[in-house]
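Examining the three-dimensional arrangement
Chain residues, written in single-letter form:
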Amino acid sequence: GKEGKKDPGASSIDEPCRSSKVIKRKRDAEGEIKHLYRAGFLLGDGAGMGKGRTLAGFALENIARGRTKHVWVSVSKDLYDDAKRDLRDLGLAEYARKKCHLLGSTNINKFEDGMIFATYSTLIRHQGGTSRLQQLVDWCGSQDFDGLLMFDECHKAK
């Protein structure tokens, strides 16, 4: 860029953030800006307003963008069928049938990709000496994870 002009893709970070190694963006080898942070979204509508359908819509968009692993956490495993229905209703019938997995007694390492549906209570359980939460984190693939983390009914999480 020209001297004295800021690159519109650049971002400045204040000193406290730099010291904690928080970086918002960087350029890859081709000069494309890569975002190194994640955005969050909270939807607090009442019962029956379509929050599950909205989450399924987020999944549809992220699947279309090539993101292959997603996590949907809710209060009850009964909502697993509702989540699959919402995905089917948005045109993801095959994905709902083949790629949606309920985190229960299942070994999730056998799934290369897809969506893991878990309950808050399942995340605190252990299987084989490891917490189900840690198994889920390992399945996601550490810092390279770029899929969705969806927390449905999060006000009921304990």
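This write-up is about the structure you can find in this document. (Residues numbered from 1 in each chain as written. Predicted model: local features only at pLDDT ≥ 70, side-chain atom pairs only at ≥ 80, totals over all residues. Heavy atoms only, no water.)

This structure, assessed with the given rule, holds 2 aromatic pairs. Geometrically, the ring pair formed by Tyr 80 and Phe 117 is tilted, given 5.5 Å between the ring centres and 50° between the ring planes. Linking Tyr 80 in helix 3 (residues 79-89) with Phe 117 in strand 5 (residues 114-119), this pair joins segments that are 37 residues apart in sequence. Grouping residues by exposure puts Tyr 80 and Phe 117 together as buried. (Phe/Tyr/Trp six-rings, centres within 6.5 Å; stacked < 30°, edge-to-face > 60°. Helix = DSSP H or I, 4+ residues; strand = E, 2+ residues; numbered from the N terminus. Buried < 20%, exposed > 50% of the residue type's maximum accessible area, 1.4 Å probe, protein only.)

Our next topic: the nonpolar core. Core analysis: the biggest nonpolar cluster contains 15 residues, and Trp 72, Leu 87, Cys 100, Met 115 and Met 150 have the highest contact counts within it. For this core, the secondary structure elements donating two or more residues are helix 2 (51-64), helix 3, helix 4 (93-98) and strand 5. Core analysis: the next-biggest nonpolar cluster, separate from the first, contains 13 residues, Ile 116, Tyr 120, Trp 139 and Phe 145 among them. (Core = buried A, V, L, I, M, F, W, Y, C linked by side-chain atoms within 4.5 Å.)

Turning our eyes to something else, we now look at helix 3. Along helix 3, the residues classified as buried are Tyr 80, Ala 83, Lys 84, Asp 86 and Leu 87. Burial along helix 3 is one-sided: seen end-on, the buried residues are contained in an arc of 160°. Against the buried residues of helix 3 lie helix 2, strand 3 (69-74), helix 4, strand 4 (100-102) and strand 5. Two residues or fewer past helix 3, Gly 91 is found with a positive phi of approximately 95°. (Arc of directions from axis to C-beta. Contact = heavy atoms within 4.5 Å.)

Next up on the list: the side chain of Asp 86. Of note, Asp 86 is situated in helix 3. There is a polar contact of 3.1 Å between the side chain of Asp 86 and the side chain of Arg 85. If near-sequence neighbours (up to four positions away) are discounted, Asp 86 is found in contact with Gly 52, Arg 53 and Ala 56. (Polar contact = N/O pair within 3.5 Å; in protein donor to acceptor, adjacent residues only side chain to side chain.)

Our focus in this paragraph is the sheet that holds strand 8 (residues 149-151). Ordered in space as 4-5-3-8, the 4 strands form an open sheet in which the pairing is parallel. If you trace the sheet from one side to the other, it starts and ends with strand 4 and strand 8, each paired once. For this sheet, the mean angle separating the axes of adjacent strands, direction not counted, is 20°. Strand direction decides the pairing type here: strand 4 and strand 5, joined by 3 bridges, are parallel. Each residue of the ladder has a partner; that of Cys 100, found in strand 5, is Met 115. Seen against the sheet, helix 6 (residues 132-140) touches strand 3 and strand 5 and runs at an angle of roughly 155° to strand 3. (Pairing = 2+ DSSP bridges. Axes fitted to C-alpha atoms, helices over the stretch in contact; angles between N-to-C directions.)

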